[in-house]
Amino acid sequence: MRKSFPVEDLARDERFVHVALADRINDPRNAQAADSGSSGRRGAGRLTPERPDAPDAARALMHGIFVGEIQALEGAGRTCWDFEVGSGNGEGIPEVPFELKLDMARQCWDEARHCEISIKLSGHMGTDLGEFSENTFLYEAACNPDPVLRLTGVNRALEGLAIDVFNTMREFGEIAGDPVLEFCEDWMLADEVTHVKMGSDWLRKLTADDKPRQERALEFQRVVDKLFSLGGFRGEEDDSPVRLARRFRELAGFKDDEMDTLAQIAKEAREEMEAIAEANRPAIAH
Amino acid sequence: MEESARRVGHYKWIEMRLFEVLGGWVATVPELDVKLRLGTHCYHHAWHSELWHKRLPELREMNPERLTAPPNDELVAFVDAMTEPEGPDLTIEKLVGAYRVLIPAKIAAYTYHRNNTSTITDAPTIRSLDFALADEFNDWRDGEMMLQSLIQSEAELDRAIAHQAALQKLMLAAGGIAGPGTIGDSYEPTQEAYA
Amino acid sequence: MPVEIRPETFSLVHFDANEIRAIVEKLVVLIGLPAAASVTIEVDESTPLAHAVVTSTDPIVIAVESGAFEDPKVVRHLNAIAATDVLGKLLLSVKDRLDPAFGEAPADADLTLPEVAAWETYCVGRLGRLGHRVQRQRRLYQFRNRHGFTDAADAAFDALWTADGLTWADISAISNQATA
């Protein structure tokens, strides 16, 4: 088996269909959806049970989380395989400490359990597995050849997004009086805090004496964070469907200034999406 | 004690190879149930490797890396062959290697060790062997069930048998996961025989 | 049965007006709407959102955002099952409103979220019995979100899902009892 497994070879059964993130971003209809004056996705406001479309929006979001869990499992598994055990500081050598691999194996178990939880939740919410398309950006972030960048992009950025989503959905379940959703989200949230903390801890340990590598990792995290702010889907604006879970991020090792930066990144992502929408507006007028 | 430490070092080496490949295979198998089991079992074997890693200094090996090694080149050849399948259509081969060859070999080795070391002086090793064996039996059962659900035709059965035979020969050449004598030698004359 | 699809040609999504027309024609017959009923489907292809409403019952006019007909697996492509699901549900609600025996239901804009969920349950249950593939658990989840995750809510759901010939007063009463 190869070291580094390309995203296009990711194995799925026939129920699952991959849609490129670019297809979503370049959808000319996004101009209308991004228009805050319309009933657009953001215009619909925070994802709470009061939204008329809330049950279906929750189903779609949880399916997205489910396929994200599959990819997180695959990414953590690849980190067990792709790198040799070593000091983790070898120049140009893909080495990681033994203990990092143990953490990734533990994450494999957690993500496998999250997949099982998500499958049960899909049954509870009436969603068929594979009902919605899958984008594979999480796994793409997990393909980074530098293990530090890989963990920073996946564990700090994407698992961080999972903290925000799980916290939002936990509250959604609590308000809706849905004991199944609330229970599942609460437990998965605890695991995600652990995973983000793993990412934070390994970033600091492995780059303590290598500031340029640390900066490259943090820059990679910023790129992933911006992309997965999904044009303002996640942010601290009043109408952001998913909001930053600052308390849980703090538990996971995020400092206040890092969370402020993330909020700013989400704001920029929103502004960029609005710019894309504006650029596409002539097509819609036509 | 040296013999126990040598074996524990081999155990750590093979557990590492197993958890690494199970993790690597997750992305390559299309069957969702298999994908999730591999992820779960990946951690079991990582934890076993951690148990052995922590046991080594207690067996007077202060540099665990020194004994973290295969017993011979033949076992390396076995691991190379077992970890070779990658394609999405090779789930049967992947599972056969892990669940019909390696894990039964580990169960045999761990059981032999458990039954032949001192229950008092080497009790910590026995305790770890018991934990590991509990996982091995459960994982073997899961793996066998997955294989039986995947093998639906005579052609698939032939594939499984052929791959198992090829790997079993390599394991035979290695003498087991701890090399020759992994499960002792039933035909070796005992001291009593010469008494 | 005059069926009009607006627009006839789509530019932002890969929808085929004839395919949508065929779905509507089949549903009108299946549901038992008057053969002479005029049906217009106005698709707003400028948005990926999925809102769909009946804007008129005579003539029948349904306004749909393109996301409602979209294949959840293929961006900007029509999904016949989704389109049948949305149109079937709405056309059944039109049939209810046109039936004097059904009684006077509030305007769509004045319906509460529990009332919407209750009426949709009644419509989709019937749509399933007409042979369309429907997602019972999805509808139960929607109903529970509006009526509570309780045994009483589940019993109310079953009553609506399996029913025929209900009046608006029946639907409203079942919904109210479930949330009481």
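See the structure printed just above.
Parameters and conventions
- Residues numbered from 1 in each chain as written.
- Chains lettered and ligands numbered in written order.
- Predicted model: local features only at pLDDT ≥ 70, side-chain atom pairs only at ≥ 80, totals over all residues.
- Heavy atoms only, no water.
- Helix = DSSP H or I, 4+ residues; strand = E, 2+ residues; numbered from the N terminus.
- Buried < 20%, exposed > 50% of the residue type's maximum accessible area, 1.4 Å probe, protein only.
- Contact = heavy atoms within 4.5 Å.
- Salt bridge = Lys/Arg side-chain N within 4 Å of Asp/Glu carboxyl O.
- Buried area = accessible area lost by both parts, 1.4 Å probe.
- Axes fitted to C-alpha atoms, helices over the stretch in contact; angles between N-to-C directions.
- Parallel < 35°, antiparallel > 145°, perpendicular 65-115°, else oblique.
- Left-handed = near helix turned anticlockwise from the far one by under 90°.
- Disulfide = S-S within 2.5 Å.
- Pairing = 2+ DSSP bridges.
- Right-handed = clockwise from strand over helix to strand, strands pointing away.
- Expected span 1.5 Å × (residues − 1).
- Polar contact = N/O pair within 3.5 Å; in protein donor to acceptor, adjacent residues only side chain to side chain.
- Nonpolar A, V, L, I, M, F, W, Y, C, P; charged D, E, K, R; others polar.

### Some details on the environment of Pro57 of chain B
Residue and element names in this part refer to chain B.
Inference 1: Residue position: Pro57 is located in helix α2 (residues 32-58).
Inference 2: With a relative accessible area of 28%, Pro57 lands in the partly exposed category.
Inference 3: For Pro57 and Lys12, which are 45 residues apart along the polypeptide, the C-alpha to C-alpha distance reads 13 Å.
Inference 4: Residue contacts for Pro57: discarding those within four places in its chain leaves Met62 and Pro64.

### Description of the pattern of salt bridges
Residues and elements named next belong to chain A.
Inference 1: Counted by the stated rule, this structure contains 53 salt bridges over all chains.
Inference 2: Here Arg113 makes a salt bridge to Asp191, at a shortest N to O gap of 3.1 Å. Of this pair, Arg113 sits in helix α4 (residues 98-125) while Asp191 sits in helix α7 (residues 179-206); the two residues are 78 residues apart in sequence, bridging distant segments of the chain.
Inference 3: On the accessibility criterion, Asp191 (13% relative accessible area) is buried.
Inference 4: Where Asp201 meets Lys197, a salt bridge forms, and the shortest distance between an N and an O atom there is 3.0 Å.

### Considerations on the interface of chain A and chain C
Inference 1: Chain A puts 40 residues into the contact, and the matching count from chain C is 26 residues.
Inference 2: Across the interface of chain A and chain C, roughly 2700 Å² is buried in total on both sides, 56% from carbon and sulfur atoms.
Inference 3: On the chain A side of the contact with chain C, Arg29, Pro55 and His124 of chain A bury the most area, a combined 24% of that side's loss.
Inference 4: Taken together, the links from chain A to chain C amount to three salt bridges.
Inference 5: Residue Glu70 of chain C is joined to Arg29 of chain A by a salt bridge in which the shortest nitrogen-to-oxygen separation is 2.8 Å.
Inference 6: Going through the elements one at a time, α1 (21-25), α2 (30-34), α3 (54-82), α4, α6 (147-176), α7 and α10 (256-285) of chain A are the ones with two or more residues in the side of chain A that touches chain C.
Inference 7: Here the side of chain A that touches chain C gets five residues from one element, more than from any other, and that element is α3 of chain A.

### Overview of the packing of α3 of chain A against α6 of chain A
All names here are of chain A.
Inference 1: With their axes 11 Å apart at the nearest point, α3 and α6 run at an angle of 150° to one another. Relative to α6, α3 is oriented roughly antiparallel. As α3 packs across α6, the resulting crossing turns out to be left-handed. Listed contacts from α6 to Ala54, Ala58, Leu61, Met62, Ile65, Glu69, Ala72, Gly75, Arg78, Thr79 and Asp82 of α3 are Arg150, Leu151, Glu159, Val165, Phe166, Met169 and Phe172.

### Re the state of the cysteines
Working definition of a disulfide: a covalent bond connecting the sulfur atoms of two cysteines.
All names here are of chain A.
Inference 1: Here the structure, examined in full by the defined rule, presents zero disulfides over all chains.
Inference 2: Its sulfur unpaired, Cys115 is 10 Å from the next cysteine sulfur, which belongs to Cys108.
Inference 3: For Cys115, a relative accessible area of 0% gives the class buried.

### Topic: the pairing of strand β2 (residues 39-44) of chain C
Residue and element names in this part refer to chain C.
Inference 1: Of the strand pairs in this sheet, strand β1 (residues 3-6) and β2 are connected by four bridges, and their pairing is parallel. The residue of β2 that forms the bridge with Arg6 is Glu42.
Inference 2: Each parallel crossover has a hand, and the one from β1 via helix α1 (residues 17-31) to β2 is left-handed.
Inference 3: The pairing of β2 with strand β4 (residues 60-65) spans six bridges and is parallel. Bridge assignment links Val39 to a residue of β4, and that residue is Ile60.

### Things to note about the sheet that holds β2 of chain C
Residues and elements named next belong to chain C.
Inference 1: Ordered in space as β1-β2-β4-β3, the four strands form an open sheet in which the pairing is mixed. Strands at the two margins of the open sheet, each flanked by one partner only, are β1 and β3 (52-57). Going from strand to strand, the sheet's axes swing by 15° on average, the running direction of each strand aside.
Inference 2: Running over the sheet, α1 touches β1 and β2 and is turned about 145° from β1.

### Looking at the side chain of Thr207 of chain A
Inference 1: Within the secondary structure, Thr207 of chain A is located in the loop between α7 and α8 (211-227).
Inference 2: Once you skip the residues sitting within four places of it in the chain, Thr207 of chain A turns out to touch Val148, Trp202, Arg213 and Gln214 of chain A.

### Examining α4 of chain A
Inference 1: Counted at 1.5 Å a residue, the expected span for α4 of chain A with its 28 residues is 40 Å, and the 40 Å between its end C-alpha atoms agrees.
Inference 2: Positioned one or two residues after α4 of chain A, Gly126 of chain A has a phi angle of 80°, which is positive.

### Concerning the interface of chain B and chain A
Inference 1: Contacts between the two partners involve 30 residues from chain B, matched on the other side by 33 residues from chain A.
Inference 2: Between chain B and chain A lies a buried interface of about 2500 Å² when both sides are counted; carbon and sulfur atoms form 72% of it.
Inference 3: The largest contributions to the chain B side of the interface with chain A come from Leu32, Tyr43 and Glu86 of chain B, which together make up 23% of the buried area.
Inference 4: In this assembly, chain B and chain A are joined by four salt bridges.
Inference 5: Where Glu74 of chain A meets Lys35 of chain B, a salt bridge forms, and the shortest distance between an N and an O atom there is 2.6 Å.
Inference 6: Taken together, the connections running from chain B to chain A amount to 11 residue pairs in polar contact (both at pLDDT 80 or more).
Inference 7: Where the side of chain B that touches chain A is concerned, the elements lending two or more residues are α1 (2-26) and α2 of chain B.
Inference 8: Of the residues assigned to the side of chain B that touches chain A, the class counts are 15 nonpolar, eight polar and seven charged.

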